[in-house]
Amino acid sequence: MNLLQKILIRRTFIPVFLGMFLFPLIMQAQLQSITAFSEYSTTLSKRLDVKNADAVGGGVDVVYSVAENVTIGLRAGYYLYSVSQTDQLNRWGWRFWNDRYLNKIQADMRADPSLSAMIGSVQKMDLIPVMLHCDYTFTVADNLTMVPTLGAGMAFYQRRLFADETWTKVFPAAEYSFTYSFRNFAPAKKGNPIFGTAGVTVRYKLFSSVGITSSLHYTQYLETKDRFGYNEFIFTNESGFRLGLEFFY
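How each quantity is defined
Residues numbered from 1 in each chain as written. Predicted model: local features only at pLDDT ≥ 70, side-chain atom pairs only at ≥ 80, totals over all residues. Heavy atoms only, no water. Salt bridge = Lys/Arg side-chain N within 4 Å of Asp/Glu carboxyl O. Helix = DSSP H or I, 4+ residues; strand = E, 2+ residues; numbered from the N terminus. Buried < 20%, exposed > 50% of the residue type's maximum accessible area, 1.4 Å probe, protein only. Polar contact = N/O pair within 3.5 Å; in protein donor to acceptor, adjacent residues only side chain to side chain. Contact = heavy atoms within 4.5 Å. Pairing = 2+ DSSP bridges. 1 Å grid on protein atoms, 1.4 Å probe; cavity = no way out; pocket = protein on both sides within 12 Å on 5 of 7 lines; lining within 4 Å. Points joined across faces, edges and corners; volume = space filled by probe spheres on them. Lys, Arg positive; Asp, Glu negative; His and termini not counted.

Participant: Looking at this structure, I do not really get the pattern of salt bridges. What am I missing?
Facilitator: Pairs can form between side chains of opposite charge once their charged atoms are near each other. Enumeration over the complete set of coordinates arrives at 10 salt bridges. Close ionic contact of glutamate 232 with arginine 159 constitutes a salt bridge, the shortest N to O distance being 3.3 Å. You can see glutamate 232 sitting in the loop between β10 (210–221) and β11 (237–248) and its partner arginine 159 sitting in strand β6 (residues 144–171), a full 73 residues away along the chain. A residue is classified by how much of its surface remains accessible, and glutamate 232, at 34% relative accessible area, is partly exposed. Given the relative accessible area of 2%, arginine 159 is considered buried. Among the charged side chains, a network of salt bridges with common partners joins Arg159, Lys189 and Glu232.

Structure (structure tokens):
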């Protein structure tokens, strides 16, 4: 059996196995609620010399009741990370920049002393996590419940980087300086690492069909060297705070 066949069997078997496991639960499940939420996340253990990487985002959580006090849910969202990484422009591995363009910038300024450049860089990361979770609900008081949660899923990320260039040309005879700016965009880095998460949600029911929620959670990304884009993923774990508006059915 060659490598391609092994990959195809693995990618086919896992979804089929999960479907066989979840199908009986889904058939018995009843839609309980849909929550729209916003979230702030902060990374804990960072990788690849990343100094800061915090995110804002939001998403939707669809929850089904499968037994008394037990629910399962499907959650998906979008998060935008602002990333600060040591020497990020040079370490991106951008061959056009490292092998050709940086040398041209330096050569142009050596050839023309009236020409100068300021080079900066900006890095962002888009993250779309999709996960299944299982919850257990404890009643704390009238209309107030606490919900511990365990879940797992896959996050689809795209890291983006651009060089921010500001050039100035001085014309001494005219006592004039001309300045212009532009951006050079690097090839994106992508992947889909696997994660597990644990957290707790506090839910308060305002009306029979509407409630508010607040959640704290911890997420751990699994180390999968050379697979799922993990080598270029910038952190191993994070914590988040979520606020949501819940609609009951």
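Participant: Looking at this structure, I do not really get the side chain of aspartate 61. What am I missing?
Facilitator: You can see aspartate 61 is positioned in strand β2 (residues 50–67). Taking the relative accessible area as the measure of exposure, aspartate 61 reaches 8% and is therefore buried. Polar contacts involving the side chain of aspartate 61 include one to the side chain of arginine 75, which spans 3.0 Å. Aside from chain neighbours lying at most four places away, what touches aspartate 61 is Ser33, Ile34, Thr35, Phe37, Gly73, Leu74, Arg75 and His133.

Participant: In this structure, what is going on with the pairing of strand β9 (residues 194–205)? I would like to understand it.
Facilitator: Both faces of the sheet carry side chains from a regular strand, because those side chains alternate between them. Note: β6 against β9, 11 bridges, orientation antiparallel. Along β9, the bridge assignment pairs threonine 149 with glycine 199. The sheet contact formed by β9 and β10 spans 11 bridges and is antiparallel. If you follow alanine 198 over to β10, its bridge partner there is tyrosine 218. Two successive antiparallel strands, β9 and β10, enclose a turn made up of four residues.

Participant: Please clarify how the layout of surface pockets should be interpreted in this entry.
Facilitator: The gaps of empty space that remain are located by a probe, the size of a water molecule, rolled over the atoms. One number sums up the size of the second largest pocket: a volume of about 250 Å³. Around the second largest pocket sit 15 residues that line it, and Gln32, Thr137, Thr145, Arg203 and Phe248 are the ones nearest its centre. For the lining of the second largest pocket, the secondary structure elements donating two or more residues are β2, β3 (70–85) and β9. Here the element with the most residues in the lining of the second largest pocket is β9; it accounts for three residues.

Participant: Mind showing me how you'd approach the side chain of aspartate 135 here?
Facilitator: Mapped onto the fold, aspartate 135 is located in strand β4 (residues 115–136). No salt bridge forms around the buried aspartate 135; measuring N to O, its nearest opposite-charge neighbour arginine 75 is 5.5 Å away. A polar atom in the side chain of aspartate 135 sits 3.0 Å from the side chain of threonine 149. Every residue in contact with aspartate 135, bar those within four places of it in the chain, is listed here: Val63, Asn69, Val70, Thr71, Val147, Pro148 and Thr149.

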